[in-house]
Amino acid sequence: MNKSELVEVAAKEAGITKAAADKALSAIIGAVVKTVTKGESVTLVGFGTFKSAKRAARTGKNPKTGATLKIPATTVPKFSAGTAFKAAVAAKKAAAKKK
């Protein structure tokens, strides 16, 4: 599912226009990005938590030439799924295995 499909579903479920749903979704995504950029986390109970994590400097290898590379330290966004989200996905997998 891409953003336009998500906007369609949100508009239908909420009974609002696609333009309003797109504006709301863009505002939410913007708020999450801004908050995580500041180093704070965003927790949506049952869904998950968005936060930033520091990745240490490390050495890597160029797969084409085999030469070693220094990969600098960086900060990356991280998502941890909530228990309700994990349970919903696990239930779907369990139902698929039973078939």
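Residues numbered from 1 in each chain as written. Predicted model: local features only at pLDDT ≥ 70, side-chain atom pairs only at ≥ 80, totals over all residues. Heavy atoms only, no water.

Looking up the protein chain in an unreviewed UniProt entry gives the name HU family DNA-binding protein, with the organism given as Dechloromonas hankyongensis. In UniProt, the protein chain has this text filed under Sequence similarities (unreviewed entry): "Belongs to the bacterial histone-like protein family." (UniProt positions renumbered as here; feature names shortened; annotations may be inferred.)

**Description of the environment of Ser4**
Along the chain, Ser4 falls in helix 1 (residues 3–14). Among the residues examined, Ser4 registers a relative accessible area of 48% and is labelled partly exposed. Residues Ser4 and Ala20, spaced 16 residues apart in sequence, show a C-alpha to C-alpha distance of 12 Å. One polar contact links Ser4 to Asn2, side chain to side chain, over a distance of 2.9 Å. (Helix = DSSP H or I, 4+ residues; strand = E, 2+ residues; numbered from the N terminus. Buried < 20%, exposed > 50% of the residue type's maximum accessible area, 1.4 Å probe, protein only. Polar contact = N/O pair within 3.5 Å; in protein donor to acceptor, adjacent residues only side chain to side chain.)

**Things to note about the environment of Lys70**
By secondary structure assignment, the location of Lys70 is in strand 4 (residues 68–71). Residue classification places Lys70 among the exposed residues on the basis of a relative accessible area of 78%.

**Structural notes on the layout of surface pockets**
Considering only enclosed or pocket space, the largest pocket measures out at about 270 Å³ in volume. Contributing to the lining of the largest pocket are Ala10, Ala21, Ala24, Leu25, Ile28, Ile29, Val32, Val33, Leu44, Phe47 and Phe50. By residue number, the principal contributor to the lining of the largest pocket is helix 2 (residues 18–37), which donates seven residues. (1 Å grid on protein atoms, 1.4 Å probe; cavity = no way out; pocket = protein on both sides within 12 Å on 5 of 7 lines; lining within 4 Å. Points joined across faces, edges and corners; volume = space filled by probe spheres on them.)

**Some points on helix 1**
Look at helix 1: 16 Å from first C-alpha to last across 12 residues, which is about the 16 Å you get at 1.5 Å a residue. Just beyond helix 1, the residue with positive phi is Gly15, at close to 70°. (Expected span 1.5 Å × (residues − 1).)

**Here's the deal with the sheet that holds strand 1 (residues 42–44)**
Within the open sheet, the three strands sit side by side as 1-2-5. Their pairing is antiparallel. Across the chains shown, the open sheet's two edge strands, defined by having one partner strand only, are strand 1 and strand 5 (74–81). Recorded for the sheet is a direction-independent mean angle of 30° between the axes of neighbouring strands. When strand 2 (residues 48–55) meets strand 5, the two strands line up antiparallel, connected through eight bridges. Looking at strand 5, one finds that Lys51 is bridged to Lys78. Sitting on the sheet, helix 2 is in contact with strand 1 and strand 2, with an inclination near 40° to strand 2. (Pairing = 2+ DSSP bridges. Axes fitted to C-alpha atoms, helices over the stretch in contact; angles between N-to-C directions. Contact = heavy atoms within 4.5 Å.)

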